[in-house]
Structures are given as structure tokens and as C-alpha cells.
Amino acid sequence: QVQVMESGGGLVQAGGSLRLSCAASRSLFNLFAMGWYRQAPGKQRELVATISTGGSVNYADSAKGRFTISSDNAKNTVDLQMNSLKPEDTAVYYCKFTVLRGVSRNEYGYWGQGTQVTVSS
């Protein structure tokens, strides 16, 4: 079974930077996209950024201009560079590898366990 693991979280002051990394244990057949999501206490999980295997990127409005997603398909990794961090960025960050499964090509996500990012003021 494929395992996904994030790393790079931690505690930073507002205005600082962190780089999150995520790796799958092996390559995934029919991989469609990779992404980063976050969930703050008491809130719904939300999309931060995604990147397709073709290189198309999508960012949440809150991340645009501050965060950069990148991937290495050959190494089964996806990174999130976070700059100019704000206290409202505090959350558990999860990475996901999305595949298209079955003849109908329905989406299925492989999720990491999450890594805590805390931004202090």
C-alpha cells in the first residue's frame, strides 16, 4: 500500500518562511495531481495549492503571492514553499496525491498524516 509522509513543519514567527516536503513511497499509476491542504482547529480542511502532473498550478487566494508549490514526478515528491507567513496560516498541513481510479477514472486521494505549522505573532 502506498504511504505518504510530510515533513518540514514547525514554529516560526510572523513574516518567516517554511518549506514543507512530501513524498510517496512509490510512484502512482494514473497520478493526476498533487496538492497541499490545511486544517485549523474547528475549521474545515481547505485547499492551499495543487499542481497537476502536466504542471498546471492552482492556489487558494490566501496563498497567492506567498506560497509556491513544486513537484518532482520522478521522485514522487511535492513541496510547498511558504513565505511571509501569517498567524492565520497556523494549521495542520496535509499533502495529497490524487489518482484517477478504475475504468470510470474516479478520483482517489492518498493523504499524508499531516505536519503542524504554527506561526506566532
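Residues numbered from 1 in each chain as written. Predicted model: local features only at pLDDT ≥ 70, side-chain atom pairs only at ≥ 80, totals over all residues. Heavy atoms only, no water.

A. Quick peek at the nonpolar core. Counting 29 residues, the largest nonpolar core has Trp-36, Val-78, Leu-80, Met-82, Tyr-93 and Phe-97 as its most contacted members. For this core, the secondary-structure elements that each account for two or more residues are strand E3 (18-24), strand E4 (31-39), strand E5 (46-52), strand E7 (67-72), strand E8 (77-82), strand E9 (91-101) and strand E11 (115-120). Of all the elements, E9 adds the most residues to this core, at five residues. Beyond its immediate chain neighbours, meaning those up to four positions away, Val-78 contacts Leu-20, Ser-21, Cys-22, Met-34, Trp-36, Ile-51, Ile-69, Ser-70, Ser-71, Cys-95 and Phe-97. (Core = buried A, V, L, I, M, F, W, Y, C linked by side-chain atoms within 4.5 Å. Buried < 20%, exposed > 50% of the residue type's maximum accessible area, 1.4 Å probe, protein only. Helix = DSSP H or I, 4+ residues; strand = E, 2+ residues; numbered from the N terminus. Contact = heavy atoms within 4.5 Å.)

B. Spotlight on the sheet that holds E3. Sheet architecture is open: four strands sit in the order E1-E3-E8-E7, paired in antiparallel fashion. Only two strands of the sheet have a single partner each, and these edge strands are strand E1 (4-7) and E7. Between one strand axis and the next, the sheet turns through 15 degrees on average, direction left out of account. Both E3 and E8 contribute to a ladder of six bridges, which runs antiparallel. Across the sheet, the residue bridging to Leu-18 is Met-82, located in E8. (Pairing = 2+ DSSP bridges. Axes fitted to C-alpha atoms, helices over the stretch in contact; angles between N-to-C directions.)

C. Region of interest: the pairing of E9. Extensive coverage of E9 is indicated by the burial of eight of its eleven residues. As paired elements, E4 and E9 share eight bridges and run antiparallel to each other. Looking at the pairing, Trp-36 lines up with Cys-95 of E9. In this sheet, E11 lies alongside E9 in antiparallel orientation, the contact comprising three bridges. Residue pairing for E11: Val-92 is matched across the bridge by Gln-116. Where E9 lies against strand E10 (residues 106-111), six bridges are found, and the strand directions are antiparallel. Among the inter-strand pairings, Val-99 is bridged to a residue of E10, identified as Tyr-108. Linking E9 to E10, which pair antiparallel, is a turn of four residues; within it Gly-102 sits at a positive phi near 80 degrees.

D. The arrangement of the packing of aromatic side chains in detail. With the rule as written, the count across this model stands at three aromatic pairs. When the centroid spacing of 6.4 Å and the interplanar angle of 80 degrees are considered together, the rings of Tyr-94 and Trp-111 count as edge-to-face. On the criterion of sequence distance, the pair formed by Tyr-94 in strand E9 and Trp-111 in strand E10 is long-range, its members being 17 residues apart. Assessed through its relative accessible area of 14%, Tyr-94 is described here as buried. By relative accessible area, which is 34% here, Trp-111 ends up partly exposed. By the ring-pair criterion, three or more aromatic residues cluster together here, those being Tyr-37, Tyr-94 and Trp-111. It is Arg-45 that lies over the ring of Tyr-94; its NZ or CZ is 3.7 Å from the centre. Geometry around Trp-111 places Arg-45 over its ring, the cationic atom sitting 4.6 Å from the centre. (Phe/Tyr/Trp six-rings, centres within 6.5 Å; stacked < 30°, edge-to-face > 60°. Lys NZ or Arg CZ within 6 Å of the ring centre and 35° of its normal.)

Note that all results are geometric; they support no functional claim without further evidence.
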